[in-house]
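Tertiary structure, described
Residues per chain are reported as follows:
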Amino acid sequence: MVMVFYGSNGKSNPVSMENKVEHQTENQITYDIHLPSDLGMLYKLRLGLQSLENNISQLSLRHFKIQKTSTLDTFSLTINKTLPLSPNGDRWIEFPIQWPLKEALSVITYHLTVFSRNILNERNLVHMTACIYGTHGDTGDRSLLQSLQNVQQEEKNESFLVIVDAVDLGELEKIVLLISSKTDCKLEVKKLHVQEAAKEHPIYVFEVNEEFSVNANKPKIQREIPGSFVIRGEKQKNDIDNNLNKEGSQVKHLTEYTIKVYTGDKRGAGTDANVHIILFGNEDRSEVFKLSQSLEHQNPFERGKVDTFKIKTKKLGTLHSIEIGHDGKGFASGWFLEKVEITDAARNSVHCFNCNRSVDQSITTLYMLFSF
C-alpha cells in the first residue's frame, strides 16, 4: 500500500507503508511517515495498491487517521471501501484532507471517454494509463483498459468509457498517456473527452490523432496531450459536431513530419526552456508546435543530444523555412542549436536547417528564421 500527499506547494513521491510502528488492535495498524516540509498545507491524499501481486488480491479499508506530530492537528475519515474498487478495476482512492478551519475540496466522479481504433481488440495484451492534470493537481496514472463501460465498436471506430473518482481537479489542462504492450502492435487514439459525471458540460476535449507503434521490447510510450478546447454548452457542441462533419475528410490529408533537433556539444549548450517551432512551405504554414515530448529523452535539448519529435499538420507543400525559438523559462535557458532536420513522410524528403549559434531569450519570445 502506498500514499501520495498533495500540498499547496506540490506533491510527495509515493510513500510506501513499510515503517510500521505498532498493531494497536487486531485490525488497526499505525505507521510513521516523513513528508517533505516544502509541501505546504496538505489538501489531498491518494491511497492505493502499487500492484496486485505479492499474493494480495484485496485490501479492505475502514477508517483512516493522520496526526501531525509537531502540532497534533488530526484528520480522520471513514472510508469503508475495498481495493481494487471493482474486479480488475481502479486500485486508487482519493479523498480531501479536512483540517480545522480549512475548507476541503470535494470528491468528483469523472467520465473519461476514449475514441480510438483497434485498441479494444488488443486490450488483453496492452497496458494503457492516463493521468489527468488540472489546476488542483492530478489523478495519478489510472488504467484505461481494465474496467470499461459503454463500449461501442464499429468497423473502423470505437469508443469506451472509463470512470475515475478524484478530488476536484479544477480546470483541466492536459492528459499524459502511458502505453506498453506484451506484443508488437499499432494502436490509434483519436481523442479523449473528460467531464464530470453529474454534469453534461463542460466537456474537455483532448485531440490526439496519432497511431502508436508499440514494441514489446521497448519502454513505455509517453505522450503529453494538452487540452484542445472546452465545450461549455449544447449549442457549442452542435456547432463543433457540424464542423467536424464538414472537415472530417480533411483529417485524412494531414501530413506527418519527423523533426530532429541537434543541440551543440559545448559547455552550457543545453536548455530547460520551452521550445516551439513553425514550419513554412510553398503552400501554407503550420500552427505553432511545442516540442516537449522527445522520443529519446525525458529531458530534451541537453548538451550534445539529438531529440526527435513527430507532428501532424495540414499539407504545407515543399518546406523552405522554419521559425524556432523558446520562452526563456527555466534555469540556464540559453541554448546552442546546431541544426534541425525535418523529414516529410508524404514526400519522403529530408530538409536540413543549419544554425550553429546560440538561441538566447530575455523578455519576449525569440524566433529565428533559417532557410536551407
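Residues numbered from 1 in each chain as written. Predicted model: local features only at pLDDT ≥ 70, side-chain atom pairs only at ≥ 80, totals over all residues. Heavy atoms only, no water.

Per an unreviewed UniProt entry, the protein chain is named LOXH1 protein, and its organism is Melanocharis versteri.

Regarding the overall build of the protein chain
The helix and strand inventory of the protein chain stands at one helix and 28 strands. Here the protein chain holds 372 residues, and the buried ones make up 41% of them. (Helix = DSSP H or I, 4+ residues; strand = E, 2+ residues; numbered from the N terminus. Buried < 20%, exposed > 50% of the residue type's maximum accessible area, 1.4 Å probe, protein only.)

Quick look at the sheet that holds strand E17 (residues 185-196)
If you trace the six strands from one edge of the open sheet to the other, you get E14-E15-E10-E17-E18-E20, paired in antiparallel fashion. If you trace the sheet from one side to the other, it starts and ends with strand E14 (149-153) and strand E20 (229-231), each paired once. Sheet twist, expressed as the mean angle between neighbouring strand axes with direction ignored, is 30°. As judged from the eight bridges shared by strand E10 (residues 107-117) and E17, these two strands associate in the antiparallel manner. The residue of E17 that forms the bridge with Arg117 is Glu188. (Pairing = 2+ DSSP bridges. Axes fitted to C-alpha atoms, helices over the stretch in contact; angles between N-to-C directions.)

Considerations on the pattern of salt bridges
What the rule picks out here adds up to 14 salt bridges. A salt bridge links Glu94 to Arg46, with the shortest nitrogen-to-oxygen separation between them at 3.0 Å. Of this pair, Glu94 sits in strand E9 (residues 92-96) while Arg46 sits in strand E6 (residues 42-48); the two residues are 48 residues apart in sequence, bridging distant segments of the chain. Overall, Glu94 belongs to the buried group, its relative accessible area being 7%. Given the relative accessible area of 5%, Arg46 is considered buried. Measuring nitrogen to oxygen at the nearest pair gives 3.1 Å for the salt bridge that ties Arg303 to Asp265. (Salt bridge = Lys/Arg side-chain N within 4 Å of Asp/Glu carboxyl O.)

A look at the sheet that holds strand E21 (residues 255-263)
Strands sit in the order E24-E21-E26-E27 across an open sheet of four strands; the sheet is antiparallel. Of all strands in the sheet, those bounded by a partner on one side alone are strand E24 (306-313) and strand E27 (349-359). Neighbour-to-neighbour, the strand axes of this sheet turn through a mean angle of 20°, independent of strand direction.

Digging into the packing of aromatic side chains
Applying the stated criterion across every chain yields a total of four aromatic pairs. Ring-pair connections join several aromatic residues into one group, and the members of that group are Phe301, Phe309 and Trp335. Lying across the ring of Phe336, Lys266 places its NZ or CZ 4.2 Å from the centre. (Phe/Tyr/Trp six-rings, centres within 6.5 Å; stacked < 30°, edge-to-face > 60°. Lys NZ or Arg CZ within 6 Å of the ring centre and 35° of its normal.)

Quick notes on the environment of Arg232
Inspection of the secondary structure assignment puts Arg232 in the loop between E20 and helix H1 (234-251). In the structure, Arg232 is positioned 28 residues away from Tyr204 in sequence and 8.6 Å away in space, judged by C-alpha atoms. Setting aside residues no more than four positions away along its own chain, Arg232 makes contact with Glu171, His201 and Pro202. (Contact = heavy atoms within 4.5 Å.)

Some remarks on the nonpolar core
If you look at the biggest cluster of nonpolar residues, it comprises 34 residues, and the most contacted ones within it are Leu112, Met128, Leu144 and Leu192. Elements that contribute at least two residues to this core include exactly E10, strand E11 (126-134), strand E15 (158-167), strand E16 (172-181), E17, strand E18 (203-214) and strand E19 (221-226). Filtering out sequence-adjacent residues up to four positions away, Leu192 remains in contact with Leu112, Thr113, Val114, Ile175, Leu177, Tyr204, Val205, Phe206 and Val208. Listed in part, the 22 residues of the second largest apolar core include Ile259, Val275, Ile277 and Phe289. (Core = buried A, V, L, I, M, F, W, Y, C linked by side-chain atoms within 4.5 Å.)

What to know about unusual backbone geometry
In the segment running from His201 into Pro202, the intervening peptide bond is cis, with an omega of 5°. Located in the positive-phi region is Asn118, a residue other than glycine, with phi close to 65°. Secondary-structure assignment places Asn118 in the loop between E10 and E11. Residue Asn118 is classed as partly exposed on the basis of its relative accessible area of 27%.

Focus: the pairing of E14
Bridge analysis of E14 against E15 gives three bridges, and the strand direction is antiparallel. Paired with Gln152 across the strands is Ser159, a residue of E15.

Structural notes on the pairing of E6
Among the seven residues of E6, six are classified as buried, and the element is accordingly described as predominantly covered. In terms of strand pairing, strand E1 (residues 2-7) meets E6 through six bridges, oriented antiparallel. Across the sheet, residue Val4 finds its bridge partner in E6, namely Arg46. As defined by bridge partners, E6 adjoins E9 across five bridges and the pair is classed as antiparallel. Pairing of Leu45 across the sheet is with Phe95, part of E9.

Some remarks on the side chain of Ser12
Position of Ser12 among the secondary structure elements: in the loop between strand E2 (10-11) and strand E3 (15-16). Note on Ser12: relative accessible area 5%, which makes it buried.

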